[in-house]
Amino acid sequence: MSSVLDLSPVIPVVVIRDADDAVPLARALLAGGVPVIEVTLRSKAALAAIELIATEVPELVVGVGTLTTPDQVEAATKAGAKFLISPGGTPRLLDAMAETGLPYLPGVATVSEMMAMLDRGITEMKFFPASAAGGPEYLRAVAGPLPQVRLCPTGGITEASAPDYLALSNVGCVGGSWIAPTNAIVDGDWAAIEAAAKAAAAL
Ligand SMILES: O=C(O)C(=O)C[C@H](O)[C@H](O)COP(=O)(O)O
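Note that this is a predicted model, so its numbers are computed, not measured.

1. Things to note about the site of the ligand
Argument step 1. Taken together, Val13, Glu38, Thr40, Arg42, Thr66, Lys126, Phe128, Thr154, Gly155, Gly156, Gly176 and Ser177 make up the full set of residues near the ligand.
Argument step 2. Take threonine 66: an N or O atom from its side chain is 2.9 Å from an oxygen atom of the ligand.
Argument step 3. Measuring from an oxygen atom of the ligand, one finds a backbone N or O atom of glycine 156 at 2.7 Å.
Argument step 4. Expressed as a share of its isolated accessible area of 400 Å², the protein-covered part of the ligand is 81%.
Argument step 5. Here the residues of the shell around the ligand are counted per class, giving two nonpolar, seven polar and three charged.

So this is what it looks like as structure tokens:
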């Protein structure tokens, strides 16, 4: 796989409550031109959803989000996750993610956290929570001293604010829930999700 940051301008971050929604959701994203999804571990159905997408819709690159423990890394990898995303990074979690051999984006919010990742040889990270932690202005400032860091800002980003992030030299893509909000998934509103995906793919 090319870098996770280069798959799409936007990574849809989703909460799937019912695993039966996973395949139609995956197909709606693909139909809209978005080839990637981050399934958060914020629901009981998440691992089953990852497994269904990995087996039934292999054209969509399925990753796992909200990883906070090594156990979760193992479970998500077994389920078929192709990349790993965490909101932050502890040494145990970073070791577990590195051991899988899969691409991973550990979460960072400060300059020292970014430098700690660089110490480990990690140059690609998730910037979380993006809007609350300083938004585009913060990232523009960080690009000066740490130009080798590439980020996927996530958290509080909207279709309207995404372009401000995507214009930055140190941003590869953004993550956000607006393409496939939980209520649209619960309602099975695949047409709305496909339309939002189409708009996001064009950003
Ligand atoms: O669970 C995680 O690990 C997360 O990444 C949290 C996400 O940042 C949000 O789910 C993004 O949601 P919005 O801020 O609505 O776009």
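That covers the picture; the talk isn't over yet.
2. Structural notes on the pairing of strand E2 (residues 36–40)
Argument step 1. Counting buried positions along E2 gives five out of five residues, so the element sits mostly inside the fold.
Argument step 2. The alternating pattern of E2 places Val36, Glu38 and Thr40 on one face and Ile37 and Val39 on the opposite face, and all of these are buried.
Argument step 3. Sheet topology places strand E1 (residues 10–14) next to E2; two bridges connect them, and they run parallel. Residue pairing across strands places valine 13 opposite glutamate 38, the latter belonging to E2.
Argument step 4. Handedness of the β-α-β unit built from E1, helix H1 (residues 22–31) and E2 comes out right-handed.
Argument step 5. Across five bridges, E2 lies against strand E3 (residues 61–65) in parallel orientation. Each residue of the ladder has a partner; that of threonine 40, found in E3, is glycine 65.
Argument step 6. With helix H2 (residues 46–56) bridging E2 and the parallel E3, this β-α-β connection has right-handed handedness.

3. A look at the environment of glycine 188
Argument step 1. The topology assignment puts glycine 188 in the loop between helix H8 (182–187) and helix H9 (190–201).
Argument step 2. Residues glycine 188 and leucine 25 lie 163 residues apart in sequence; the distance between their C-alpha atoms is 8.1 Å.

4. Quick look at the pattern of salt bridges
Argument step 1. Inspection of every chain in the model, using the stated rule, returns five salt bridges.
Argument step 2. When the shortest N-O distance is used, the salt bridge between lysine 78 and glutamate 74 registers 3.3 Å. Of the two residues, lysine 78 and glutamate 74 are both situated in helix H3 (residues 70–79); the distance of four residues between them amounts to about one turn of the helix.
Argument step 3. For lysine 78, a relative accessible area of 69% translates into the label exposed.
Argument step 4. With its nearest N and O atoms 3.1 Å apart, the salt bridge here joins aspartate 95 to arginine 120.

Thresholds, definitions, all that
- Residues numbered from 1 in each chain as written.
- Predicted model: local features only at pLDDT ≥ 70, side-chain atom pairs only at ≥ 80, totals over all residues.
- Heavy atoms only, no water.
- Near = heavy atom within 4 Å.
- Polar contact = N/O pair within 3.5 Å; in protein donor to acceptor, adjacent residues only side chain to side chain.
- Areas by Shrake-Rupley, 256 points an atom, 1.4 Å probe, with all protein chains shown as cover.
- Nonpolar A, V, L, I, M, F, W, Y, C, P; charged D, E, K, R; others polar.
- Buried < 20%, exposed > 50% of the residue type's maximum accessible area, 1.4 Å probe, protein only.
- Helix = DSSP H or I, 4+ residues; strand = E, 2+ residues; numbered from the N terminus.
- Pairing = 2+ DSSP bridges.
- Right-handed = clockwise from strand over helix to strand, strands pointing away.
- Salt bridge = Lys/Arg side-chain N within 4 Å of Asp/Glu carboxyl O.

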